[in-house]
Amino acid sequence: MKSLDTNRLPSPKSHKFINLASPLSAISLSPDSNKLIVAGRDTVKIIALENELKIINNLKVGKTQSLNYTGNDCSWNPSLLENYKTLIATAATNGVVVIWNTGRDGTRFVERLLSDHSRAVNKLAWHPEKHEHLLTGSQDTTLRFWDIRDPVPSKFIFQPKSEAIRDVQFNPYSSNQFAAAFDNGTVQLWDIRKNTNCVEKITAHQGLVLTLDWHPDERNMIASGGRDRFIRVWDFNSPNQPLNNISTISSVSRVKWRPGYKWNIASCSSIVDFEIHLWDVKKPYIPLASFNEHRDVPTALLWQNPNNLISCGKDGYVLISSINDAYLPYKHIRTTGVSWSVHNDLAIVNDKINRNPNYTYNSATDAIPLQHQFPSFFLSFNVPTPILPNNHNQNGSSASMYNQNATDQQGLLYVNSPVFQSSHESVYDQQFLFEYFAKNYRFNGMSFQDLCSHNEQVSLQVKQYHTSKIWSLMKLHFHDDSNTPDKQIKENNSNHSNNMNNNNNSNSPVLKDNLNSTKISNHKSSHQRSDSGHHSNNSKDKDVYMELKNDLVEDLMVNDVDNTIDPLFNILSAEAVTPLAPLPIRASSPSGSTKLALDSLSIGPSATLMDDDLLDDEGNILVDDLASKNDSDISEDNDSLLVSTISENQKSSHDRTGNNGLDFISTRNSGNGDDIFDIPEFDFRPILIEMLEYCIEKGDIQTCVFVILILKSNLDIEKRRITQWFHSYIELLQRLKMWTYVLEIIKNSDDPSINQASKKHTTILCSCACGRSIPQGQLVCEKCSRKPSVCSLCHLPVKGNYVWCQGCSHGGHLNCLKQWFEQNRLCPTGCSHLCSNNIAH
Amino acid sequence: MRVFHKFSTEHEDLVHDVSYDFYGKRLATCSSDQKIKVWDLSDTGKWELSAEWKAHSGSVWKVAWAHPEYGQVLASCSFDRTVCIWEECEDDKGQKKWVLKAPLVDSRDSVVDIKFSPKAFGLRLATCSLDGYVRIYEAMDIMNLSQWTIVEDFESQKGSSSNCISWNPNPYDKPMIAVGSNDSFIKIWEYNEGQRKWVQVDTHLPSLSYTGSGSSGQGQSSIINNNNNNNNNNSLKRGLSNLDDQSEEQNRMIHDIAWAPNMGRSYHLIAIASKDNTVRIWKLSNHQDRTKLELKEIMNKNDHKSEVWRVEWNITGTILASSGDDGNVCLWKCNMNGEWKLLTKVSNNNNE
């Protein structure tokens, strides 16, 4: 849980905490590890580390306001000797160092005051072996090495002639050496026996070095943190290059190596960031763990043991936090990226990550050889999670890959795409279909009938049968020579109601009637068959149609998925922009699919190639699928419907080959003779709307837009939604950079909010140099009778495209300039401007 | 056949996000190595590194492209608590270079998600931070991308972080944002013109199969009042729940949320990737009386069998891609019965 309400109390998960109600700046552990000295701006207190944190001694008693007893830093003498283990040193902001002896009787614990420093003492360090010696680093740019027994205590003064000292620490492996951190960005190594010059000097940071910490196990290794927001790890044997850099988000005020974990280090910040982060220096970007319980910046860190961190902060809290309760970023970071492009390509990044920090932790302490742990930090990331089944067959190869190049496994970007190479495949990908339809669908320039037939053909060519059916049905039901479907519908409606009243038998609903008529003209045999099935009424017929649609689609869909050889292939192929077509032929009759290939369906005389055998074949296959589900009557209806649709296609092809476009309608009329006024017409529009909704559902906005464009606004659909459809479609086109088609759609839309779009920002107003604006189409200024738009090459006025250089503002006829810049680079007027950069392309 | 390009991004650490631009011709990746890389699709169909630069002083969690009408503009968010706006500019020599236009530094914790608003609402950027706030920035003057102001902000849930956000892509609705946080509930916020601020549309969502007693299984729909006056049982229950419940709730926290492109649908689809291994799709539709929103869970799958981190819709909102710790990407599609089914798993492991 990462909760950041700043007013919240520390959550109970930090099992020990105490609030001292004043800003704290330092803590130090007693040598027996069960007491803690805490120093702050106006506190110096001893806390017992028991089951609960408890104040057992308040060293700064009374109401003394003396600055001497403020705690900039504090340090408990590390000796276990009786006389020394009660000694505590604190450093004050006024430069005074106070030695406390908690072993003294009474209430006054102060043993000595050492006041040689002239400015604030930033850091104290007891000598690890000579227990009476204390080292202090101060803002006054000096370091002093004290013997607290000596009446003149500061025997040694180190004056590095640099800036203020922020931190000092003795080398745990060489007690005569100490490192100091300076405001000028250096970390210096000194020997206590030699106070003239430093042993080694590292320019560690830009700006202040605020903290340093010797590695507890590795000799000569030290970590430093600075205001430049870096933690760096150095080896004094090769001080030119840091071993590691960790970039944090704000200036680093304290660093502390974690005992028992070679490469783990905790850090906290002096501003902005209230969290304590635990880093693996080999993974320099993401902390292993974050402790987020402090409500203000933490000021001091101390590892009680490898799993518990003691910290204090400006918020007055002393906390003991367990690593087990820390926020573990590795559990919360996304390492997978997925992005769809407009072309339906899918870019995937999926880095393996080990989210279990204990796994790496244990392996660090367990018997895994060091070189396996950290050949590079990638390896530890790429430890495959053992539960993954996919890794079994890969273990061998991936291991070798690690050795060869650890980066191979990580940061790989995959771009998947469903583009099919061979065009003779009977399926088309979504992208192709979308562009194909956008280019080939038509919505004006022909009669209504022709538009429908055209679009039907267009969709048939790419085997989008469902879409083609929408067009054929539209043609059937909205047929009207005067291209006003509305009128026709009204007529239909009245017919319909009449018929319902007059003819209760209702033996010929319109849909069927159409089918019949088609069959009469083209397929006498099927006419016979469906004649026998005339007893379904209007609504039933509708149901049948819907059922047909659904069943067909499901059936084929199932087939589709079951037959998958290459899942992605099929899926994405079936998922077309016009996904109404689950490609029946491929599912049920592969042979048919090849016959129905593009060429056989192409517009023109060759369209008649569609032979009856094929049609029957096709029809039967579809019927077979359905026959198992429906009773024979219905299946016959279906049959007739399908056959009629296909024959309708054929019919329309015939139309194209030269017959009158109205042929079909007349055939229909003649076929049904006198029945024409008795036919119960029904309103096709709800079904069409339903079909459109279905298209929308499947993401096929294209068909809907074209249907609307052709039908104009005769459908009972909310205007707002239609506008929405258009906008969605236009955006898709724009994303595919099909600008001309965008403009066509915009121009021909009925919706003012859309067709206005083309009128925005396209007017160019010209004005003459005299200030008079020149109306469009006029070449001469009315006021000063000058010709403002003269070609700088041929000196004739420019009508139409005026090309000019934006650098020198000379220009002229497009063709003139084209010729000129084929050979020249400078402006034709001789203004010596190098126009070719601006204008050449 | 399936993988057309496989290349190493050569980031030095974990890669956290990849993002296509508006036209699908450029890719941006970001990583813990604090860098952003931009890849261009060359004429030969190869992805080539076009730019890389150190963008932040912490892990870069996400990158997002702005609409190209505003130029080549990227936004990135990072562990260093900042959001940066980058623009590709030409220097004097005609070299293209990504320039930091504006750092947005209001967050008090790691910024984990950023999303540009639908273009109709202007050049706006919603950011979502672990400090629990969703902040919405706007470039008032689109010619000057260095000026961004917070136009609105809201805290999605008191005392909790927010992990992910998604705009309602439909410009015909009021501006709406779905926010996912540390529990299994998504919150939907909308901009209320009257109050001139963002208000939560619904105080609870029926991920009811998990909330134990008093609630029923998945697929149940519930009606959510537009005004959040009615303090419902769920929030009360949450308030009273003990710590165990909270941690359990955290195990179901939402990692990612994606609002499907509308494409003229009369309803909305919102996909959710969750820590509890599930991918879920919720359908958000207007209730009959139009003052209420109805929510229904229409898919809940755990095929990843591991934490799911990302969900992403294709441009028509017909296929959902989800990816998880198992290294697979699952594609989901609605079949003809309106059921969402697994189409395929794309596994990176098997592609050689």
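- Chain B has the name Sec13-like protein in an unreviewed UniProt entry, where Tieghemostelium lacteum is given as its organism.
- Of the comments in the UniProt record for chain B, the one headed Subcellular location (unreviewed entry) reads "Nucleus envelope".

- Looking at an unreviewed UniProt entry, chain A carries the name WD40 repeat-containing protein, with the source organism given as Tieghemostelium lacteum.

### A closer look at the UniProt feature "domain: WDR59/RTC1-like RING zinc finger" (unreviewed entry) in chain A
Part 1 of the argument: UniProt annotation of "domain: WDR59/RTC1-like RING zinc finger" (unreviewed entry) refers to residues 790-836 of chain A when read in the numbering used here.
Part 2 of the argument: Split by type, residues 790-836 of chain A is 23% helix and 13% strand. Its first and last C-alpha atoms lie 20 Å apart.

### Considering the packing of aromatic side chains
Part 1 of the argument: This model, assessed by the stated rule, comprises 26 aromatic pairs over all chains.
Part 2 of the argument: When the centroid spacing of 6.1 Å and the interplanar angle of 80 degrees are considered together, the rings of Trp 739 of chain A and Tyr 23 of chain B count as edge-to-face. Here the residue Trp 739 of chain A occupies a position in helix α22 (residues 739-748), and Tyr 23 of chain B occupies one in the loop between β2 (15-20) and β3 (26-31), the pair thus bridging two chains.
Part 3 of the argument: Given the relative accessible area of 15%, Tyr 23 of chain B is considered buried.
Part 4 of the argument: Members of the aromatic cluster, each reached through a chain of ring pairs, are Phe 434, Tyr 436, Phe 437, Tyr 441, Phe 443, Trp 471, Phe 706 and Tyr 729 of chain A.
Part 5 of the argument: Seen from the ring of Phe 22 of chain B, Arg 735 of chain A lies directly overhead, with NZ or CZ sitting 4.7 Å from the centre.
Part 6 of the argument: Across the ring face of Tyr 267 of chain B, the terminal group of Lys 283 of chain B is positioned such that the distance to the ring centre comes to 4.5 Å.

### A short note on the nonpolar core
All names here are of chain A.
Part 1 of the argument: Ranked by size, the top nonpolar core spans 53 residues in total, and within it Met 474, Leu 688, Val 707, Leu 715, Trp 725, Tyr 729 and Ile 745 carry the most contacts.
Part 2 of the argument: Sort the elements by how many residues they give to this core and helix α20 (residues 701-711) lands first, with nine residues.
Part 3 of the argument: Once you skip the residues sitting within four places of it in the chain, Leu 688 turns out to touch Ile 470, Met 474, Phe 478, Val 707, Leu 711 and Leu 715.

### A closer look at the environment of Trp 53 of chain B
All names here are of chain B.
Part 1 of the argument: If you trace the backbone, Trp 53 turns up in strand β5 (residues 47-54).
Part 2 of the argument: Assessed through its relative accessible area of 11%, Trp 53 is described here as buried.
Part 3 of the argument: Note: C-alpha distance between Trp 53 and Asp 21 (32 residues apart in sequence) is 18 Å.
Part 4 of the argument: With near-sequence residues (within four places) excluded, Trp 53 lies in contact with Gln 34, Lys 35, Ile 36, Val 38, Leu 74, Trp 86 and Trp 98.

### Re the sheet that holds strand β25 (residues 289-291) of chain A
All names here are of chain A.
Part 1 of the argument: Taken in spatial order, the four strands line up as β22-β23-β24-β25 in an open sheet, and their pairing is antiparallel. Two strands bound the open sheet, and with one partner strand each, they are β22 (252-257) and β25. The average angle at which neighbouring strand axes cross in this sheet is 25 degrees, direction not considered.
Part 2 of the argument: Here three bridges tie strand β24 (residues 276-280) to β25, and the two strands are oriented antiparallel to one another. Bridging across to β25, Leu 278 finds its partner in Ala 289.

Cut-offs and rules
- Counting from 1, residues in each chain are numbered in the order their sequence is written.
- For this description, chains carry letters from A and ligands carry numbers from 1, given in the order in which they are written.
- pLDDT decides what is reported in this predicted model: residues at 70 or higher carry local features, side-chain atom pairs at 80 or more are listed and counted, and totals for whole chains, interfaces and linings draw on all residues regardless.
- Processing note: side-chain calculations cover all non-hydrogen atoms of the structure and skip hydrogens and water entirely.
- UniProt positions are given in the numbering used here, feature names are shortened, and annotations may be inferred rather than shown by experiment.
- Secondary structure elements follow DSSP: runs of H or I of four or more residues count as helices, runs of E of two or more count as strands, with numbering from the N terminus.
- Stacked, edge-to-face and tilted labels apply to pairs of Phe, Tyr and Trp rings (six-membered ring for Trp) whose centres lie within 6.5 Å, assigned for plane angles under 30 degrees, over 60, and everything in between, in that order.
- Think of it in three bands: with a 1.4 Å probe and only protein chains considered, a residue is buried below 20% of the maximum accessible area for its type, exposed above 50%, and partly exposed in between.
- Only when the NZ atom of a Lys or the CZ atom of an Arg is both within 6 Å of the ring centre and within 35 degrees of the ring normal do we say a charge sits over the ring.
- Only buried residues count toward a nonpolar core, which is a set of Ala, Val, Leu, Ile, Met, Phe, Trp, Tyr and Cys residues joined through side-chain atoms within 4.5 Å.
- Residue contacts are defined here by distance: any two heavy atoms, one from each residue, within 4.5 Å place the two residues in contact.
- Strands are treated as partners if at least two bridges between them are detected by DSSP.
- Here the axes come from fitting lines to C-alpha atoms, over the contacting stretch only for helices, and the angles between their N-to-C directions go from 0 to 180 degrees.

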